Every structure is written in structure tokens, then in C-alpha cells.
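Commentary on secondary and tertiary structure
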Amino acid sequence: MGDGDIRAEWSTGFARTMAEEIRSGLRSGALTWGEADQLLARLRMVVDQALDLAPQFS
């Protein structure tokens, strides 16, 4: 399995985990829709910054 496959599997698993955790927070009332949107926007920014710093595989 190549580096690209490993990264794709990891990122898919991460996205699924985050989606489930946010859905759980919404169902339980721990998060509002507005808070969930803000959390996703902040998380997206952090992930984008991390990817900019990550070494690129060819």
C-alpha cells in the first residue's frame, strides 16, 4: 500500500470520526447547529494549515 493510499484511508477515517462526533453533539444538545458550523470552519482552517506544512509525497 502506497503513501497516498494510507493518507487517503486516514483522512477518510478522520472525516467520518469528526462527522459522527459532531452529529452526536447535535443529538445530545451539547452543540447547536451554529456551534457545529463554527467548529467545522475552525477545524477546516487547522487541517488546511497542517497540510500546508506536511511534506508532499510524489
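A quick note: this is a predicted structure, and the numbers were derived from the prediction, not measured.

1. Quick look at the packing of aromatic side chains
Counting across every chain of the model gives one aromatic pair. Where W10 meets F14, the ring centres are 5.1 Å apart and the plane angle is 10°; that geometry is what we call stacked. On the criterion of helical spacing, the pair formed by W10 and F14 is a turn pair, its members being four residues apart in helix α1 (residues 3-28). Given a relative accessible area of 59%, W10 falls into the exposed group. On the basis of relative accessibility, which here comes to 30%, the residue F14 falls in the partly exposed class.

2. Regarding the pattern of salt bridges
A complete count under the given rule lists two salt bridges for this structure. Note that E20 and R23 form a salt bridge whose closest N and O atoms lie 3.4 Å from each other. With E20 and R23 both in helix α1 and three residues apart, this pair spans about one turn of that helix. The class for E20 is partly exposed, based on a relative accessible area of 35%. The partly exposed category is assigned to R23, whose relative accessible area is 42%. The closest approach of N and O atoms between E20 and R27, which form a salt bridge, is 2.9 Å. Ionic contacts of the salt-bridge type, sharing partners, join the residues E20, R23 and R27 into one network.

3. Remarks on a nonpolar patch on the surface
Taken together, the side chains of W10, F14, V47 and L51 present a nonpolar region at the surface, about 380 Å² in accessible area. Broken down by secondary-structure element, the contributors of at least two residues to the nonpolar patch are α1 and α2 (33-53).

4. Concerning the environment of A19
For A19, the location among the structural elements is in helix α1. Exposure remark for A19: the relative accessible area of 27% places this residue in the partly exposed category. With 17 residues separating them in the primary sequence, A19 and A36 have C-alpha atoms 10.0 Å apart.

Conventions adopted
- Residues numbered from 1 in each chain as written.
- Predicted model: local features only at pLDDT ≥ 70, side-chain atom pairs only at ≥ 80, totals over all residues.
- Heavy atoms only, no water.
- Phe/Tyr/Trp six-rings, centres within 6.5 Å; stacked < 30°, edge-to-face > 60°.
- Helix = DSSP H or I, 4+ residues; strand = E, 2+ residues; numbered from the N terminus.
- Buried < 20%, exposed > 50% of the residue type's maximum accessible area, 1.4 Å probe, protein only.
- Salt bridge = Lys/Arg side-chain N within 4 Å of Asp/Glu carboxyl O.
- Patch = residues over 30% accessible without salt bridge, like charges linked within 9 Å, V, L, I, M, F, W, Y side chains within 5 Å.
- Areas by Shrake-Rupley, 256 points an atom, 1.4 Å probe, with all protein chains shown as cover.

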